[in-house]
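One-letter residues, chain by chain:
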Amino acid sequence: MDYEAFFGDRLATLKEEGRYRVFAHLERRAGHFPQAVRHVDGKQLPVTVWCSNDYLGLGQHPNVLQAMHEALDRCGAGAGGTRNISGTNHYHVLLEQELASWHQKEAALLFTSGYVANWTTLGTLASQLPGCVVFSDEKNHASMIEGIRHSRAEKRIFRHNDPKDLERQLADFDPARPKLVAFESVYSMDGDIAPIAELCDVAQAAGALTYLDEVHAVGLYGPSGAGVADRDGLLNRLDIVQATLGKAVGLIGGYIAGSAKLVDFVRSFASGFIFTTSLPPAIAAGALTSVRLLKSDNSLRDRHQLIVAKVKARMADVGLPVLPGPSHIVPLMVRDAERCRAASERLLNDFGLYVQPINYPTVPRGEERLRITPSPLHTGADVQTLIDAVVQVWDGLELPRDRRASSVAST
Ligand SMILES: *Cc1c(COP(=O)(O)O)cnc(C)c1O
């Protein structure tokens with residue numbers, strides 16, 4: 001086989017379809033987020049980042065950086081092993097205790113990333129529970145889908161955020177059979193939020209375990225910032241909460257929280273936990289400080305919601321088609337792969353504003369969008385600059401705006 005030709009052909013197809021991924025080559029500047037530097041053709045250009053998942057800017061928080069510096073100087077660079085063979089550092093233990101208490105669970109377990117946490121935990125539970133059937137929301141993240149697939153367990157997909165459909169599908173199976181219901185709280189592309197209580201009602205009536213991915217909610221919702229289940233007082237309804245340390249927490253890593261026995265089971269049987277080097281101590285130390293900050297202070301969360309509301313309101317004023325939703329994610333719908341890429345490119349090249357285009361397969365074809373994530377560190381002036389630039393780009397590409405709204409806004 002001509003391997004090079006194969007790779008080249010497949011890449012050419014991606015390019016033709018306008019969904020070849022081009023990375024913005026950035027240099028983040030601690031203390032200046034959301035401002036960064038972009039490297040292009042040997043030049044360095046200033047850029048304002050509008051699509052980071054470092055939702056609150058904790059990736060540059062002075063306390064987090066200080067904790068990391070201290071741990072780095074005390075413990076060195078890497079963990080030095082897998083958790084089982086010399087790689088369990090004091091900071092891992094402290095962080096797992098902190099995460100368990102954050103989610104009001106008996107125990108927590110760290111993984112290399114949120115992706116690995118989902119893949120490994122779902123893969124392990126679904127393959128080890130005898131005859132397990134997995135019920136998975138149709139919009140679940142790739143990491144959950146792949147973990148479930150890897151388990152080879154029987155699987156049912158239920159309609160997005162639809163407890164009635166879940167109930168119907170659960171009824172097809174023997175009540176005695178082990179079941180696992182997996183869903184997310186905040187869906188990261190549409191910004192909608194699951195009816196957690198109703199999903200738990202039908203899952204638990206059928207004797208299923210409940211598994212919630214709070215990746216886009218930890219740090220952002222609830223009185224202690226532990227997520228939507230925290231906000232809604234539902235943590236006791238969930239058997240497993242999964243999340244990341246890579247988004248609002250500002251570092252890298254993933255985890256699950258649950259009962260002592262369940263977590264010990266995953267710790268003992270999950271290949272993706274056992275056979276890999278643990279996170280560097282400095283990462284765990286930074287995450288520990290970040291989680292403690294998030295737990296103790298609502299001011300960043302409050303400012304985050306205010307700036308999000310402002311961006312949504314200003315976009316509505318000028319007739320830009322933002323998908324309505326209750327979360328911090330602002331999906332600006334382009335609904336065309338090529339123009340979505342072009343809009344992003346013009347914002348970047350002509351205005352120094354960075355919003356990555358989101359195309360198939362991350363979202364269905366025809367639902368291409370610019371996914372904007374305002375942070376508490378974006379200023380009112382940043383918002384104004386963004387709106388003015390988007391309007392120019394939008395009109396330049398002849399994308400539809402609600403003119404009624406814009407004429408109101410301009411008078
Ligand atoms: C990003 C993401 C993950 C993976 O988390 P990482 O820590 O980035 O690996 C899992 N679930 C959802 C819903 C995500 O968006």
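Keep in mind that what you see is a predicted model, and the values were worked out from it rather than measured.

Our focus in this paragraph is the pairing of strand β8 (residues 209-213). Across the 5 residues of β8, 4 count as buried, placing the element largely inside the fold. Bridge count for strand β7 (residues 179-184) against β8 is 5 bridges, and the pairing is parallel. In the sheet register, alanine 182 faces β8, and the bridge partner there is tyrosine 211. For the segment spanning β7, helix α7 (residues 196-205) and β8, crossover handedness is right-handed. Pairing of β8 with strand β9 (residues 240-244) involves 3 bridges; the strand directions are parallel. If you follow leucine 212 over to β9, its bridge partner there is valine 241.

Looking only at α7, the buried set comprises Ile196, Leu199, Cys200, Val202 and Ala203. Buried residues belonging to α7 abut β6 (154-158), α6 (163-170), β7, β8 and α8 (228-231). Once α7 ends, the next one or two residues include glycine 207, with phi positive near 75°.

As a further point, take the domain arrangement of the protein chain. Domains assigned within the protein chain are domain 1 (27-56 + 308-410) and domain 2 (62-296). On a C-alpha basis, the centroid separation for the pair domain 1 and domain 2 is 30 Å. With 17 residues of domain 1 at the contact, the number on the domain 2 side is 17 residues. Across the contact surface, domain 1 and domain 2 share 1 salt bridge. Note that arginine 369 is salt-bridged to aspartate 190, the shortest N-O span being 2.6 Å. Of the residues that constitute the side of domain 1 that touches domain 2, the class distribution is 9 nonpolar, 5 polar and 3 charged.

Enumeration according to the criterion identifies 4 aromatic pairs in this entry. Taken together, a centroid distance of 5.6 Å and an interplanar angle of 85° make the contact between phenylalanine 135 and phenylalanine 173 edge-to-face. Taken together, the positions of phenylalanine 135 in strand β5 (residues 133-137) and phenylalanine 173 in the loop between α6 and β7 put the pair 38 residues apart, joining distant regions of the chain. For the pair phenylalanine 135 and phenylalanine 173, one class covers both residues: buried. In this structure, lysine 15 packs its charged tip against the face of tyrosine 20, placed 4.5 Å from the ring centre. The ring of tyrosine 360 has arginine 365 sitting right over it, with the charged end atom 3.9 Å from the ring centre.

In this section: the site of the ligand. Close to the ligand lie 13 residues, the nearest being Gly114, Asp213, His216, Thr244 and Lys247. Separating a nitrogen atom of the ligand from a side-chain N or O atom of aspartate 213 is a distance of 2.7 Å. Taking 380 Å² as the accessible area of the ligand by itself, protein coverage stands at 84%. The biggest single contributor to the shell around the ligand is helix α4 (residues 114-128), with 3 residues.

Attention now goes to the environment of serine 151. With respect to the helices, strands and loops of the structure, serine 151 is situated in helix α5 (residues 142-151). Owing to a relative accessible area of 10%, serine 151 belongs among the buried residues under this scheme. Considered as a pair, serine 151 and glutamate 184 are 33 residues apart in the sequence and their alpha carbons are 19 Å apart. Among residues more than four places away in sequence, those in contact with serine 151 are Leu122, Gly123, Ala126 and Ser127.

This next bit is on the environment of glycine 123. One can find glycine 123 in helix α4. The class for glycine 123 is buried, based on a relative accessible area of 7%. Spatially, the C-alpha atom of glycine 123 lies 9.5 Å from that of isoleucine 145, the residues being 22 residues apart in sequence.

In this section: the pattern of salt bridges. Tallied over the entire structure, the rule returns 22 salt bridges. In this structure, the salt-bridge partner of glutamate 27 is arginine 29, at a minimum N-O distance of 3.0 Å. For glutamate 27, a relative accessible area of 30% translates into the label partly exposed. Classification of arginine 29 by relative accessible area gives partly exposed; the value is 34%. The salt bridge involving arginine 314 is made with aspartate 317; its shortest N-O contact spans 3.8 Å. Within this pair, arginine 314 and its partner aspartate 317 are both found in helix α12 (residues 299-317), separated by 3 residues, close to a single helical turn. Using a relative accessible area of 26% as the deciding quantity, one classes arginine 314 as partly exposed. On the basis of relative accessibility, which here comes to 37%, the residue aspartate 317 falls in the partly exposed class. Among the charged side chains, a salt-bridge network with shared partners connects Lys139, Asp190, Glu367 and Arg369.

Turning our attention to the side chain of serine 185. Looking at where serine 185 falls in the secondary structure, it is placed in the loop between β7 and α7. Given a relative accessible area of 0%, serine 185 falls into the buried group. Within the local environment of serine 185, its side chain forms a polar contact with the side chain of glutamate 214, the two groups lying 2.7 Å apart. For serine 185, the residues in contact, after removing those within four places along its chain, are Asp192, Ile193, Ala194, Ile196, Leu212, Asp213, Glu214, Ala217 and Val228.

Strand order in the open sheet formed by 7 strands is β4-β10-β9-β8-β7-β5-β6, with mixed pairing between adjacent strands. Each having just a single partner strand, β4 (107-111) and β6 make up the two edges of the open sheet. Averaged over all pairs of adjacent strands, the angle between their axes in this sheet comes to 20°, without regard to strand direction. With 5 bridges connecting them, β5 and β6 associate as parallel partners.

Each value, and the rule that gives it
Residues numbered from 1 in each chain as written. Predicted model: local features only at pLDDT ≥ 70, side-chain atom pairs only at ≥ 80, totals over all residues. Heavy atoms only, no water. Buried < 20%, exposed > 50% of the residue type's maximum accessible area, 1.4 Å probe, protein only. Helix = DSSP H or I, 4+ residues; strand = E, 2+ residues; numbered from the N terminus. Pairing = 2+ DSSP bridges. Right-handed = clockwise from strand over helix to strand, strands pointing away. Contact = heavy atoms within 4.5 Å. Domains from an automatic or database assignment. Salt bridge = Lys/Arg side-chain N within 4 Å of Asp/Glu carboxyl O. Nonpolar A, V, L, I, M, F, W, Y, C, P; charged D, E, K, R; others polar. Phe/Tyr/Trp six-rings, centres within 6.5 Å; stacked < 30°, edge-to-face > 60°. Lys NZ or Arg CZ within 6 Å of the ring centre and 35° of its normal. Near = heavy atom within 4 Å. Polar contact = N/O pair within 3.5 Å; in protein donor to acceptor, adjacent residues only side chain to side chain. Areas by Shrake-Rupley, 256 points an atom, 1.4 Å probe, with all protein chains shown as cover. Axes fitted to C-alpha atoms, helices over the stretch in contact; angles between N-to-C directions.

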